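One letter stands for each residue in the lines below.
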4 protein chains.
Amino acid sequence: MKTKKERILEAAATLFAEHGFDKTAVATICELANVSKGLVYHHFKSKDEILIEIFEKSTSEMNSLGEDENTETPEMTIVDLIENIFFRLENNRQFFQMNLNIMFQPSTKKILERQIKKRATQLFDSVKALFNKTSPKKSGILSYVFISEIDGIALSYLSSFENYKND
Amino acid sequence: MKTKKERILEAAATLFAEHGFDKTAVATICELANVSKGLVYHHFKSKDEILIEIFEKSTSEMNSLGEDENTETPEMTIVDLIENIFFRLENNRQFFQMNLNIMFQPSTKKILERQIKKRATQLFDSVKALFNKTSPKKSGILSYVFISEIDGIALSYLSSFENYKND
Amino acid sequence: MKTKKERILEAAATLFAEHGFDKTAVATICELANVSKGLVYHHFKSKDEILIEIFEKSTSEMNSLGEDENTETPEMTIVDLIENIFFRLENNRQFFQMNLNIMFQPSTKKILERQIKKRATQLFDSVKALFNKTSPKKSGILSYVFISEIDGIALSYLSSFENYKND
Amino acid sequence: MKTKKERILEAAATLFAEHGFDKTAVATICELANVSKGLVYHHFKSKDEILIEIFEKSTSEMNSLGEDENTETPEMTIVDLIENIFFRLENNRQFFQMNLNIMFQPSTKKILERQIKKRATQLFDSVKALFNKTSPKKSGILSYVFISEIDGIALSYLSSFENYKND
DNA sequence: CATGAATGAGGGTTCATTCAT
DNA sequence: TATGAATGAACCCTCATTCAT
C-alpha cells in the first residue's frame, strides 16, 4: 500500500498537470489524496517543495531512460532511445504535458530554476556520450540538434493533440 | 500619445510575459499603466478579457505577416515567410515567449480556447494556400509538417535561450 | 463621523491592549471596527503596519505633551509635566498598558525597533531641553534619572493595579 | 547528566525569553531540546504547563534569595538583599527580561494569573518580615515602596540596556 | 472617462495536540 | 519513556470585482 506521502505526490502531479500549479489549491490536493492539510505541511515545507520533488522524481526517471538500452552498437542505442521516447510520449502524455506546462510558465520556471538546469545538463551529457561513439568531433552540435528535434516533435505532438481533442 | 486603454494593454502584456497571467495582479497592471482599477474595468469586462484582447491583437499581427510578402513565386514567398518569422523570433522574443506561456498553461488555455483554435485554423489555411501553389496534392500534410517544424525551432530557440542565459 | 481607517486603528488599539498583539486576530479587528478584511489590507500593508501606525500616533501625542505647558519658569514646566503624566496615567491606563505590553514583548519589540528608538531619543531630548534651563551641566544625567523614575512609577502603578484588580 | 525533562524546560525558557511565549512553537522547543513532540506532551499537559512550571521554578529560586542572607542585623539583611538583587540583575538579565515579558503580556499573564499573585504575596510578605524588624508600624507601606523602587530600577536597567545595545 | 474605497471568497501556512507504535 | 505521523482549526494575506462619487 502506498504511503500517504506518495499519495500526496501523486495527487499533486495529477492536478498540476490538469489545472496547472497556480490553479491547484493545496486543499484540492488534500481532498484527492485523502489527507489533512496539516500532513501535507508535515511532509513538505511548502507547496513549492511538492513541485520540486515531483520534478526531481521525473528527472531521475528520465535518466534511467538510457541506461538499459540495447548496447550492441551506438547507432542501435540511439534508435532504441528514440523509440523509447516515442513510446513514453504516447503512453505518458500527462507527464510530458506537465513538464511543458512547468517549464514555460514563469512562476514555476522560477521555482524550478536549479532543477531545470540540472536536468538539461544531464540530458545533454548523456546524449552527447552516445554521439561520442559515432561522431566524436561533432557530438556537441549533434546532441544539441537531436534534443531540439525531439523537443520540437514532442511539442507538435502534444499541441496538435491538445488543439484537436475537442473536435 | 497612447490612449489609456492602449497603455493598459501594453502593461498587461509585459507583465503577463514576465510573471505569467495568474501571477499578475490587476493592481499591478494599474500601477504600471498608471491608471485606476476602475478604469481597467471600464474598458474590460474582466481580467480574462484583457488576455483575450492581447491574444487577438497578436493574432491579427501574425496574419498580416504573409500579406505583404514577395509574391513573385510561391517558393520565394515561403522563403520570405521563414525569414520573416526568424526575424521576429529574434526581435520579439518576449512576444513568442508569452504565446508559449499562454498556450501551455491549462488555466489560460481554457480562457483562450476559442481564440487559439481560430488562430490555428487561420495559420493552417494561409500556409496551406501557399503550398497549394507548389504542391496542391500534398499541401495539407506539408502545411502541418511546416508549422510543426517552425514550432519546434521556435521552442528550441526560446528554451535554449532561457536555459543558458544566466551562465 | 470617523473614517473607516480611524475605526480600524481604534479597534486594533483596543484589542492589542486587551489581548496583546499576537493574540489579536485581524478578523477580530474587522468585527470590532465593522469593516471587511479586505479594507484592512487596503489601508495597511500588514498587521505589523497597523501596530506601527498606532505606535507612531501615540508618539506624536506624547510629543505634544510638553508643548503647551506653563512656561513661566522651567521648574514650573517640569512640575506641570509631571502632573500631566500622572493625570494621563490615571485616565489613560489602557494606553500606557499597551505601550508596556508592546515594548516588553520580543515579537512586537522587533517590529517597532526603529519607532521605539526614535521615541526614546525624542523623549530624552525634550526632557533634556527642560533640564538645560535649570542645571545645564547635569542635564544629561538628570534627564536619564528623571525618565527612569517616571517609568518605574508608571510600572509599579500599572502592575499594582493589575495585580490587585480582581481581589 | 540532565534529564530530558530538564532539557525541555531549559530550551523552553531560552526560547520564551528570546522570542516570547506566543512566538515559540512547541516544535522549536523539541528541536532545541532534541526530543520528540510526544515526549513533551508526556511530561507536560500543554504548552501552558511548561510556562507555568518555568515560572514556578523561578519563584522558588527567588524565595531562596533572602534565606541565607547575613542575619546579624535586619538593616544588613536588607542591604545584602539589595546587593543580591543587583548582582542577579546583572548576571541574569535574560531571566528578568523573561519575567517582565511574561507579566506584561496579556496572554501569558492570564495563564500565570495564580502564580503571579502567589509570587507577589510571598515577595511582599518576606520583605515585610524584614521591615517589621526595623519599623514595624510602617512595614506595609515600606515594603510596597521598596518593591516598587526595585521594580522601577530593574525596568530602567533592562530597558536602557535594550534600547541602546545596538548603538 | 476616471478614481479608489470597499467587499468577500479563497489561498498558503502554522501549530498545539493526539495517538498508534 | 519515546517517536513522529496525522489532524483541524485558525491565522495572515491576496485579489478580482463592484460601486458611489
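Residues numbered from 1 in each chain as written. Chains lettered and ligands numbered in written order. Predicted model: local features only at pLDDT ≥ 70, side-chain atom pairs only at ≥ 80, totals over all residues. Heavy atoms only, no water.

Q: Sorry, what's going on with the environment of C:Ser58 here?
A: All names here are of chain C. Tracing the sequence through the fold places Ser58 in helix 4 (residues 47-63). Separated by 60 residues in the primary sequence, Ser58 and Lys118 have C-alpha atoms spaced 12 Å apart. Leave out the neighbours within four places in its chain, and Ser58 touches Phe95, Asn99 and Arg119. Side-chain polar atoms of Ser58 contact the side chain of Arg119, separated by 2.5 Å. (Helix = DSSP H or I, 4+ residues; strand = E, 2+ residues; numbered from the N terminus. Contact = heavy atoms within 4.5 Å. Polar contact = N/O pair within 3.5 Å; in protein donor to acceptor, adjacent residues only side chain to side chain.)

Q: What am I meant to see in the interface of chain D and chain C here?
A: Accessible area lost during the coming together of the parts is what is often quoted as the interface size. Listed by partner, the interface residues are 30 residues for chain D and 31 residues for chain C. Taking both sides of the interface into account, the surface hidden between chain D and chain C amounts to around 2600 Å²; carbon and sulfur atoms contribute 57%. Summed over the shared surface of chain D and chain C, the number is 2 salt bridges. For D:Lys23, the salt bridge goes to C:Asp22, with nearest N and O atoms at 3.9 Å. The interface formed by chain D and chain C contains 2 residue pairs in polar contact (both at pLDDT 80 or more). Where the side of chain D that touches chain C is concerned, the elements lending two or more residues are helix 1 (4-19), helix 6 (93-104), helix 7 (106-111), helix 8 (113-134) and helix 9 (139-164) of chain D. The biggest single contributor to the side of chain D that touches chain C is helix 9 of chain D, with 11 residues. (Buried area = accessible area lost by both parts, 1.4 Å probe. Salt bridge = Lys/Arg side-chain N within 4 Å of Asp/Glu carboxyl O.)

Q: Would you mind going over the protein's contact with DNA strand F with me for this structure?
A: Near DNA strand F lie 30 residues; those nearest to it are A:His42, B:Val26, C:Lys37, C:Tyr41 and C:Lys47. Backbone atoms, meaning sugar and phosphate, make up 64% of the atoms of DNA strand F lying within 4 Å of the protein. At 2.8 Å from a phosphate oxygen of DNA strand F is found a main-chain nitrogen or oxygen belonging to B:Val26. In this structure, C:Lys47 approaches DNA strand F through a side-chain N or O atom, which is 2.7 Å from a phosphate oxygen. Secondary-structure elements contributing two or more residues to the surface near DNA strand F are helix 3 (37-43) of chain A, helix 3 (37-43) of chain B, helix 3 (37-43) of chain C together with helix 3 (37-43) of chain D. For the surface near DNA strand F, the leading source of residues is helix 3 of chain D, giving 5 residues. Class assignment of the residues belonging to the surface near DNA strand F gives a composition of 10 nonpolar, 13 polar and 7 charged. (Near = heavy atom within 4 Å. Nonpolar A, V, L, I, M, F, W, Y, C, P; charged D, E, K, R; others polar.)

Q: Any chance you could explain the interface of chain A and chain B here in plain terms?
A: With 31 residues of chain A in contact, the opposing surface of chain B contributes 30 residues. A combined buried area of about 2600 Å² lies between chain A and chain B, and 57% of that area is made up of carbon and sulfur atoms. Where the side of chain A that touches chain B is concerned, the elements lending two or more residues are helix 1 (4-19), helix 6 (93-103), helix 7 (106-111), helix 8 (113-134) and helix 9 (139-164) of chain A. Taken together, the residues of the side of chain A that touches chain B break down into 8 nonpolar, 13 polar and 10 charged.

Q: I tried to follow empty space enclosed by the protein on my own but got confused; where do I start?
A: Unfilled space is identified by rolling a water-sized probe across the atoms. All names here are of chain C. For the structure on display, the rule yields 1 cavity of 30 Å³ or more. The calculated volume of the largest cavity comes to roughly 40 Å³. Looking at the lining of the largest cavity, the element that brings in the most residues is helix 6 (residues 93-103), giving 3 residues. The residue inventory of the lining of the largest cavity, partitioned by class, reads 4 nonpolar, 4 polar and no charged. (1 Å grid on protein atoms, 1.4 Å probe; cavity = no way out; pocket = protein on both sides within 12 Å on 5 of 7 lines; lining within 4 Å. Points joined across faces, edges and corners; volume = space filled by probe spheres on them.)

Q: What is the right way to read the relation of the copies chain A and chain B from this model?
A: The operation relating the pair of chain copies consists of a rotation about an axis and a translation along that axis. Each copy superposes on the other: chain A lies on chain B with an RMSD of 0.1 Å after a rotation of 179° and an axial shift of 0.1 Å. Each copy turns onto its partner about a two-fold axis. Of the C-alpha atoms belonging to chain A, the one lying closest to the rotation axis is found on A:Gly152, 1.7 Å away. When the interface residues of chain A are mapped onto chain B, 97% of them are again interface residues, pointing to one common binding face. (Least-squares fit on C-alpha atoms with pLDDT ≥ 70 in both.)

These figures capture arrangement, not role.
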